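# Examining the three-dimensional arrangement
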Amino acid sequence: MNREFLINVLFLVFVNLLVKPFYVFGIERTIQDTVGPESYGLYATLFSFSLLLFMVNDFGIHYFNNTHIARHPRLISKYFPNLSLLKILLGGLYLALLFLLAWLRGFETSVLPLLFFVALNQLLVSWVAFLRSNVSALGMYRSDSLLSMLDKLLLSGLCALLLWGPLAPGYFRIEWLVYAQSIAWLLTSLAAFFIVKKHLQQPIRLRLRRPVLAFFIKKSAPYALAVFLMAAYTRLDMVLLEWLLPDGRREAGIYAAAFRLLDAFNAIGLLSAGLLLPMFSSLLNQRDLKAAESLLQTGFQLIWAGSATLALACFFFQTELMHWLYPETATPYYGEVLAFVILTLVPFSGLFIYSTLLTANGSLKKMNFVFLVGIAINLSLNLLLIPGWKAVGAGIAALATQAAVLAGMVVLVRSELGLKPGNAQSLRVLGFAGLLALANLGICQLPLANWLVKFCLCLLAGGLLALLLNLVKVNNLPSLIRRSR
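Residues numbered from 1 in each chain as written. Predicted model: local features only at pLDDT ≥ 70, side-chain atom pairs only at ≥ 80, totals over all residues. Heavy atoms only, no water.

Each α-helix turn comprises 3.6 residues. Residues three or four places apart therefore point the same way. Given a rise of 1.5 Å per residue, 15 residues ought to cover 21 Å, and the 21 Å separating the end C-alpha atoms of helix α2 (residues 37–51) matches this to within 8%. α2 sits mainly inside the fold: 12 of its 15 residues count as buried. (Helix = DSSP H or I, 4+ residues; strand = E, 2+ residues; numbered from the N terminus. Expected span 1.5 Å × (residues − 1). Buried < 20%, exposed > 50% of the residue type's maximum accessible area, 1.4 Å probe, protein only.)

See below:
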């Protein structure tokens, strides 16, 4: 299984590297530079605000579905129409509650149309996640990887046309980004739907059967709470920045500029978790704890090596990187915000691996308690730090919160499954981070005029250290096909 995981992670990284860097650094960066931090800060605030009720829209259905279909593939024909109807009903409820909350929050009437399309995109994102949960649960990992980049491919094409095409060169409105997202997600959902449809053994009939829907709501509820709690403690920052500060939208825009890098790099961890969930579910269903532990170690070490390498390189070149990305608006303050936000990548990535194992094991109540503690930590630190430190304070709060939550997940995996990092693994992981920090510090002192060359040397150092310390292992690994199906 470890071998198949590594093959699919490499394929996943490859297909996403073809598209997503261009979108993040070419398209999205240019859009923020064009519309300015205040306009983009409004979009970032509305986006984060829409995520606070994402639980109602998603309700953990795609996690529940992925876990159960991976264990019992024949259930897909029974689950798919009922869960589809449930998602339609929950989507309507989500829109109603979101606009009620927006009214209570006191958003201006002028921003409500933009909020509607942002919320519509959340519905489409959730629908694609549900469709992809079926694709990956059936073992079609290559198809799932291709779907993971299709939306960004379409979005990049649409936005490139709007940014540099003949219609309005040099001019862009933030609403255009949201409309382009709607089109991209709609087309991606259609592609995913036709892939799933070929594996259904009977026609799709949407029938409102209350006992069946009540059953799925009951089973999905713990997953829904996990989705809500994770969204709450990871997206509160920008909402609180906009709320607590007189220049909140500008600070939210600056924070969003740094958070974009975190979001871009986190995509690999998030997508890897999507691959791991059906694998962990299958292994735990077979009670193969030894294979699950091996897969956990492989996944964690690989994610740790990649995230630490990227985070430390960005940390040491924080100012240069932000000025390079936002030459028209960036100041040294942008770099200070990035310094803390990007370090959050390291615990965040580890959290994806451990929380996925706990989700596959069904340890949702205890995991949700850890998330609840994370919300308390994040809210307290943000209220304490934002008034004086602004976006930098939000970054510090995010880093402390993610580190605390990851520690809680490691303890929980040990208590629930008896799995714990060995002494050798712990030394390799910690030694890697320490040695890499020293190597980066030395590279920064090299008499080279071009900072980008030194940045690339830092990335190379991370790759070499990962190989030397045996953090990336590919030999003598069992086959996914023999053990997970």
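With that settled, the discussion passes to the environment of S363. With respect to the helices and strands, the residue S363 is situated in the loop between α14 (345–361) and α15 (364–417). Classification of S363 by relative accessible area gives buried; the value is 6%. As for S363 and L412, which are separated by 49 residues in sequence, their C-alpha atoms are 8.8 Å apart. S363 has contacts with L358 and E416, leaving out every residue within four places of it along the chain. A polar side-chain atom of S363 sits 2.8 Å from a polar atom in the side chain of N361. (Contact = heavy atoms within 4.5 Å. Polar contact = N/O pair within 3.5 Å; in protein donor to acceptor, adjacent residues only side chain to side chain.)

Remark: the centre distance and the inter-plane angle together describe each pair of aromatic rings, the angle taken between the planes. Under the definition given, this model contains 22 aromatic pairs. Feature note: the residues F80, W127, F130, F193 and F194 constitute an aromatic cluster, connected by ring pairs. (Phe/Tyr/Trp six-rings, centres within 6.5 Å; stacked < 30°, edge-to-face > 60°.)

Locating S182 in the fold gives a position in helix α8 (residues 174–197). According to the relative accessible area criterion, S182 is buried, its value standing at 11%. Polar contacts involving the side chain of S182 include one to the side chain of N121, which spans 2.5 Å. Setting aside chain neighbours within four positions, we find S182 in contact with F117, L120, N121 and L124.

For the pair helix α16 (residues 423–444) and helix α17 (residues 451–468), the least separation of the axes is 10 Å and the interaxial angle reads 150 degrees. As far as their axial angle goes, α17 and α16 are roughly antiparallel. Between α16 and α17 lies a crossing of right-handed hand. Here F432, L435, L436, A439, N440, I443 and C444 of α16 lie close against α17, whose contacting residues are K454, L457, C458, A461, G462, L465 and A466. (Axes fitted to C-alpha atoms, helices over the stretch in contact; angles between N-to-C directions. Parallel < 35°, antiparallel > 145°, perpendicular 65-115°, else oblique. Left-handed = near helix turned anticlockwise from the far one by under 90°.)

Right, let's get into the state of the cysteines. The final tally for this structure, using the stated rule, is zero disulfides. In this structure C456 is a free cysteine whose sulfur lies 9.1 Å from that of C458, the closest cysteine sulfur available. On the accessibility criterion, C456 (43% relative accessible area) is partly exposed. (Disulfide = S-S within 2.5 Å.)

Once that is clear, we can look at the pattern of salt bridges. When the charged atoms of two side chains lie near each other, side chains of opposite charge can form a pair. Within this structure, the stated rule accounts for seven salt bridges. Salt-bridge contacts for D151 lead to K152; the nearest nitrogen and oxygen are separated by 3.3 Å. Across the pair E175 and R173 runs a salt bridge, and its minimum N-O distance is 3.5 Å. Bridged by salt links that share partners, the residues R105, E108, E242 and R249 form one connected network. (Salt bridge = Lys/Arg side-chain N within 4 Å of Asp/Glu carboxyl O.)

Empty space within the second largest pocket amounts to approximately 390 Å³. Every residue lining the second largest pocket is counted, 18 residues in all, and those nearest its centre are W304, V346, L406, V429 and L430. Going through the elements one at a time, α11 (289–316), α14, α15 and α16 are the ones with two or more residues in the lining of the second largest pocket. Along the lines of polarity and charge, the residues of the lining of the second largest pocket split into 16 nonpolar, two polar and no charged. (1 Å grid on protein atoms, 1.4 Å probe; cavity = no way out; pocket = protein on both sides within 12 Å on 5 of 7 lines; lining within 4 Å. Points joined across faces, edges and corners; volume = space filled by probe spheres on them. Nonpolar A, V, L, I, M, F, W, Y, C, P; charged D, E, K, R; others polar.)

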